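# Secondary and tertiary structure notes
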Amino acid sequence: MPSRTSGLVFLPGVEEKVMSSERRQVARHNMRTSLRFRAINLASDKSEHFTEAINISRGGFFFASSAPLQVGMPIDCTLRMPAEVTGSKPQETHCTARVVHVRNEPYGDGRIGFGAEIEKYHTP
């Protein structure tokens, strides 16, 4: 039975080297999809933000925003999961995710990039 620690899956008897900059365990799809989010427990910004996920997988997504997010912050998200991720038809998905990395190079419009790991899917 695999064990799960810090977002990584460890299989008994299998040693796997993972680069610290590359820890993904599921396929990531380079496609844009709508994303709506708000930071959880951030008193200075309770607003809802609208953007696009730039790439996505079952385990997380990458997006650009001007929101004041930091590594470790939880976010409440609604995004459109494409068929390539769901395995069937595209669907609107509500989840809680956590910011796991920040790419501080600006996109030219003041936004910066954020990677988020999905922690929990919420059923409608």
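Please refer to the structure placed before this passage.
Below is a summary of the structure that appears in this document. (Residues numbered from 1 in each chain as written. Predicted model: local features only at pLDDT ≥ 70, side-chain atom pairs only at ≥ 80, totals over all residues. Heavy atoms only, no water.)

### Focus: the pairing of strand β3 (residues 33–39)
- Only one face of β3 is buried: it carries T33, L35, F37 and A39, and the other face, with S34, R36 and R38, is open.
- Pairing between β3 and strand β6 (residues 74–81): 5 bridges, direction antiparallel. Bridge assignment links R38 to a residue of β6, and that residue is D76. (Buried < 20%, exposed > 50% of the residue type's maximum accessible area, 1.4 Å probe, protein only. Helix = DSSP H or I, 4+ residues; strand = E, 2+ residues; numbered from the N terminus. Pairing = 2+ DSSP bridges.)

### With respect to the pattern of salt bridges
- Tallied over the entire structure, the rule returns 4 salt bridges.
- Of the charged contacts in the structure, one is a salt bridge between E48 and R36, with a shortest N-O distance of 3.1 Å. Pair noted here: E48 is in the loop between β3 and β4 (49–56) and R36 is in strand β3, with a separation of 12 residues, a long-range link.
- Residue E48 is classed as partly exposed on the basis of its relative accessible area of 43%. (Salt bridge = Lys/Arg side-chain N within 4 Å of Asp/Glu carboxyl O.)

### Here's the deal with the nonpolar core
- In terms of nonpolar packing, the biggest core is built from 21 residues, with F37, F61, F63, L69, I75 and C77 touching the most fellow members.
- In terms of residue count, the dominant contributor to this core is β6 (4 residues).
- If near-sequence neighbours (up to four positions away) are discounted, C77 is found in contact with L35, R36, F37, F61, T93, H94, C95 and A97. (Core = buried A, V, L, I, M, F, W, Y, C linked by side-chain atoms within 4.5 Å. Contact = heavy atoms within 4.5 Å.)

By themselves, these observations are geometric and do not establish any function.
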